[in-house]
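This is what each chain is made of:
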2 protein chains.
Amino acid sequence: MNSDKPIVGINRRVLLSGLAMLPTLSGLPFSAIAQTQTTQGDPLGSWNEGPTKKAILDFVRATTDPSSSKRVPPEQRIATFDQDGTLWVEHPVYSQVVYCLDQVPTLVEKDPKLKDVEPFKTVLSGNREAIAKLSLHELEKVLFATLTGMSVDDFEMEVKRWLASAKDGRWKRPYTDLIYKPMLEVMQYLRSSDFRTYIVTGGGQDFVRVYSERVYGIPPEQVVGTAAGIKYGYQKDGTPFLTKEPKLLLNDDNAGKPEGIHLMIGRRPCAAFGNSTGDREMLEYTGAGDGARLMMLVLHDDAQREYAYGPAQGLPETKVGTFSQELYDEAKKKNWTVISMKNDWKRMFAFDEKG
Amino acid sequence: MNSDKPIVGINRRVLLSGLAMLPTLSGLPFSAIAQTQTTQGDPLGSWNEGPTKKAILDFVRATTDPSSSKRVPPEQRIATFDQDGTLWVEHPVYSQVVYCLDQVPTLVEKDPKLKDVEPFKTVLSGNREAIAKLSLHELEKVLFATLTGMSVDDFEMEVKRWLASAKDGRWKRPYTDLIYKPMLEVMQYLRSSDFRTYIVTGGGQDFVRVYSERVYGIPPEQVVGTAAGIKYGYQKDGTPFLTKEPKLLLNDDNAGKPEGIHLMIGRRPCAAFGNSTGDREMLEYTGAGDGARLMMLVLHDDAQREYAYGPAQGLPETKVGTFSQELYDEAKKKNWTVISMKNDWKRMFAFDEKG
């Protein structure tokens, strides 16, 4: 994610730019989730041969081979992954934003007087142009109302329910199907080499935790994300419960990524993966450590199989996951590897496998 | 830890009550660290036979035996431990407070004009009575000055240096020797049963992380504690680094414990261990989950081998790690197990082993 002034895991600028491209409110039935098996024999079977794949294999060999001078003790093997645009599709707009808008009908059902109150009235209308014209202040109201103010258990249930039915507008599949198979392989390969894989996302920590274990094999305790305050309290019968508060505790984007890594992990990663300027500081912080390092950035240059945006290398401009030419130049200068989706990835999604 | 209005992991009330009992500033040479081996055969060899030991064994059997109806899947096996008074000695005052006062000479060396400025002047005098009379505002200055305002790397180095030389006033040993052997055994036994053990402490997260892996076998990423804000920035040569800011991000005590557990772990523990009213909410939150549960509170009732304080069960009053009669009654009512140091523990410390 790019940063601007984020609101509980959501980037304001993106809301303005992405809303016009939103799919209509979703409500399709559940379908099978992304497969995560690796191709037999080659741990990186979805990668084309070449310097990018070699960089990954070389890094793992250097850090794990007992005879390597750059071997890293297992307890220090930490790899961090941005999520949106690095592990799953972020265009035309972040899935979490779609979730927030999709929750408005449920919200109004619980509190019917909202249906005549802006901005809920406009979101309910389903009029995409009108939604895109909502002011930042109005959008904030939707985000706070849908991401906070409820118990963490209720929130988890709502996200689960949404994930089981919502479908993306292009592939007509659950959002959790739109995971990049090559990146799943990298995570599995690292884990099989005693690395601990973490998600470090500008997205909402509680949102991603709902599906991270099932989809990525990453448990909730290894998800670092933008986090709201949490409040301990009691139900009428005395049962304790936790409520999500409408206040920002950790803005896990840009400089907030290394800050969040220190807070939640307390170790510097040896490897970091991102795709946008919001990941720059995480890669920089990772790269500043001693010994073997691996910093990689996914470049979305494949409009046919996914999307193409930069604006690095003359790719179209975007406000959702900006990969600037400046970032591209920095990557080249610092020996960060730029992953070309088009050239480096043999297949994009697990459901492409037979294609 | 008990709560009051805490300042970066330190409890104000404690400062007032504990400072009068402080050992003189320490500076003794390094000595051997606590041994962590378990007694062969019995995983809880330092525990006397009885209902307390049986409660631990029964819980582990119920949650891990494949034929048990209460078996918990390994990924959900989370156990949380308070530190001060639960894993190591907290009397006469928290080790971290001693650290802060011990750091004042170093601080003054770097900034000599502080030696004539209060409260640093008084702390430097070594006059315990005068130190105990410092106002809360003055003590805050010492804590902020010694726990924040420096890079996380410098802080880690300073804590390491201190741990290697500082000695406790009663046993004349490094503070990290004063770890309760029976609790080390519980942690090791749980880990060998595929539980992940976490420290959840009112103390400073960055402070505890410095020694948690070496002393408890708990890695930095499994330490949840009171945390200051962290700021990403650059040295003159462009190298990025993280600075500890003088602002409180997470107050990990009382209700802050379940809140911190949600933020940092994202799962409800199955087992929780504490020793004071500051741990009440963590045990309550743990107990409110489904299935087999284990909630335990260490009662310091052994003045001969350690300390005796409550005031539960008529034990002497204290402001460092209060175990109130109300908490004792709640424990009995809710089937939380109270561990009697005197009756349940065969030995106290690893260095007692041959005694």
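Everything below is about the structure shown above.
This report concerns the structure included in the present document. (Residues numbered from 1 in each chain as written. Chains lettered and ligands numbered in written order. Predicted model: local features only at pLDDT ≥ 70, side-chain atom pairs only at ≥ 80, totals over all residues. Heavy atoms only, no water.)

## Considerations on the sheet that holds strand S6 (residues 240–250) of chain B
All names here are of chain B.
Argument step 1. On the basis of which strands lie adjacent, the open sheet formed by seven strands has the order S6-S5-S4-S3-S7-S8-S9 and mixed pairing. Every other strand in the sheet has two partners, leaving S6 and strand S9 (337–340) as the edge strands with one partner each. Here the average twist between neighbouring strands, direction ignored, is 35°.
Argument step 2. Bridge count for strand S3 (residues 78–81) against strand S4 (residues 196–204) is four bridges, and the pairing is parallel. The residue bridging Ile 78 from the neighbouring strand is Arg 196, located in S4. (Pairing = 2+ DSSP bridges. Helix = DSSP H or I, 4+ residues; strand = E, 2+ residues; numbered from the N terminus. Axes fitted to C-alpha atoms, helices over the stretch in contact; angles between N-to-C directions.)

## Looking at the relation of the copies chain B and chain A
Argument step 1. Note on the identical chains: chain B maps onto chain A by a rotation of 180° and an axial translation of 0.0 Å, with an RMSD of 0.0 Å. Taken together, these values place the two copies in the relation of a two-fold axis. Taking the C-alpha atom as reference, chain B places Met 264 of chain B closest to the rotation axis, 3.0 Å from it.
Argument step 2. Taken together, the interface assignments show that 100% of the residues at the interface of chain B recur at the interface of chain A, consistent with an identical surface on both copies. (Least-squares fit on C-alpha atoms with pLDDT ≥ 70 in both. Contact = heavy atoms within 4.5 Å.)

## Remarks on the nonpolar core
Argument step 1. Core analysis: the largest hydrophobic core is formed by 75 residues, its most contacted members being Met 183 and Tyr 216 of chain B.
Argument step 2. The contacts of Tyr 216 of chain B, once residues within four sequence positions are left out, are Gln 83, Leu 87, Trp 88, Ile 179, Leu 184, Met 187, Arg 191, Ile 199 and Tyr 211 of chain B.
Argument step 3. Listed in part, the 74 residues of the second largest apolar core include Val 98, Leu 114, Leu 139 and Met 348 of chain A. (Core = buried A, V, L, I, M, F, W, Y, C linked by side-chain atoms within 4.5 Å. Buried < 20%, exposed > 50% of the residue type's maximum accessible area, 1.4 Å probe, protein only.)

## Digging into the interface of chain B and chain A
How big an interface is tends to be expressed through the accessible area that disappears when the partners come together.
Argument step 1. Across the contact, 36 residues belong to chain B and 36 residues belong to chain A.
Argument step 2. For the chain B face of the interface with chain A, the top three residues by lost area are Glu 221, Tyr 232 and Leu 263 of chain B, together amounting to 22%.
Argument step 3. At the boundary of chain B with chain A, the tally comes to six salt bridges.
Argument step 4. Arg 267 of chain B is the salt-bridge partner of Glu 213 of chain A, the closest N and O atoms lying 3.3 Å from each other.
Argument step 5. Taken together, the connections running from chain B to chain A amount to 26 residue pairs in polar contact (both at pLDDT 80 or more).
Argument step 6. Across the side of chain B that touches chain A, the residue classes tally to 19 nonpolar, three polar and 14 charged. (Buried area = accessible area lost by both parts, 1.4 Å probe. Salt bridge = Lys/Arg side-chain N within 4 Å of Asp/Glu carboxyl O. Polar contact = N/O pair within 3.5 Å; in protein donor to acceptor, adjacent residues only side chain to side chain. Nonpolar A, V, L, I, M, F, W, Y, C, P; charged D, E, K, R; others polar.)

## Regarding the packing of helix H3 (residues 95–102) of chain A against helix H8 (residues 152–165) of chain A
All names here are of chain A.
Argument step 1. Between H3 and H8, the shortest axis-to-axis distance is 11 Å and the interhelical angle comes to 105°. Of the possible angle classes, the one that applies to H3 and H8 is roughly perpendicular. Residues Ser 95, Val 98, Tyr 99 and Asp 102 of H3 pack against Phe 155, Glu 158, Val 159 and Trp 162 of H8.
Argument step 2. Tallied by class, the residues present in the contact of H3 with H8 amount to five nonpolar, one polar and two charged. (Parallel < 35°, antiparallel > 145°, perpendicular 65-115°, else oblique.)

## Things to note about the side chain of Asp 177 of chain B
Argument step 1. Within the secondary structure, Asp 177 of chain B is located in the loop between helix H8 (152–165) and helix H9 (181–192).
Argument step 2. A distance of 2.9 Å separates polar atoms of two side chains, one belonging to Asp 177 of chain B and the other to Arg 173 of chain B.

## Side note on the pattern of salt bridges
Residues and elements named next belong to chain A.
Argument step 1. Applying the stated criterion across every chain, the model contains 44 salt bridges over all chains.
Argument step 2. Taking the shortest distance from any N to any O, the salt bridge between Arg 280 and Glu 330 comes out at 2.8 Å. On the criterion of sequence distance, the pair formed by Arg 280 in helix H12 (residues 280–287) and Glu 330 in helix H13 (residues 325–333) is long-range, its members being 50 residues apart.
Argument step 3. Its relative accessible area of 14% is what places Glu 330 among the buried residues.
Argument step 4. Measuring nitrogen to oxygen at the nearest pair gives 3.7 Å for the salt bridge that ties Glu 284 to Lys 334. Of this pair, Glu 284 sits in helix H12 while Lys 334 sits in the loop between H13 and strand S9 (337–340), and the two are 50 residues apart along the sequence.

## As for the pairing of strand S7 (residues 271–274) of chain A
All names here are of chain A.
Argument step 1. Burial of S7 is two-sided: the residues Ala 271 and Phe 273 facing one way and the residues Ala 272 and Gly 274 facing the other way are all buried.
Argument step 2. Pairing of strand S3 (residues 78–81) with S7, which is carried by three bridges, proceeds in the parallel orientation. Bridging from a neighbouring strand, Thr 80 pairs with Ala 272 of S7.
Argument step 3. Sheet topology note: the S7/strand S8 (residues 294–299) ladder contains four bridges and is parallel. Directly across from Ala 272, in S8, lies its bridge partner Met 295.

## Some thoughts on the sheet that holds strand S4 (residues 196–204) of chain A
Residues and elements named next belong to chain A.
Argument step 1. Pairing is mixed in the open sheet, where seven strands are placed in the order S6-S5-S4-S3-S7-S8-S9. Looking at strand neighbours, the two that pair on one side only are strand S6 (240–250) and S9, the edges of this open sheet. Averaged over all adjacent pairs, the angle separating strand axes in this sheet is 35°, with direction ignored.
Argument step 2. Contacts between H12 and the sheet are confined to S3, S4, S7 and S8, with S7 contributing the most and set at about 165° to the helix.

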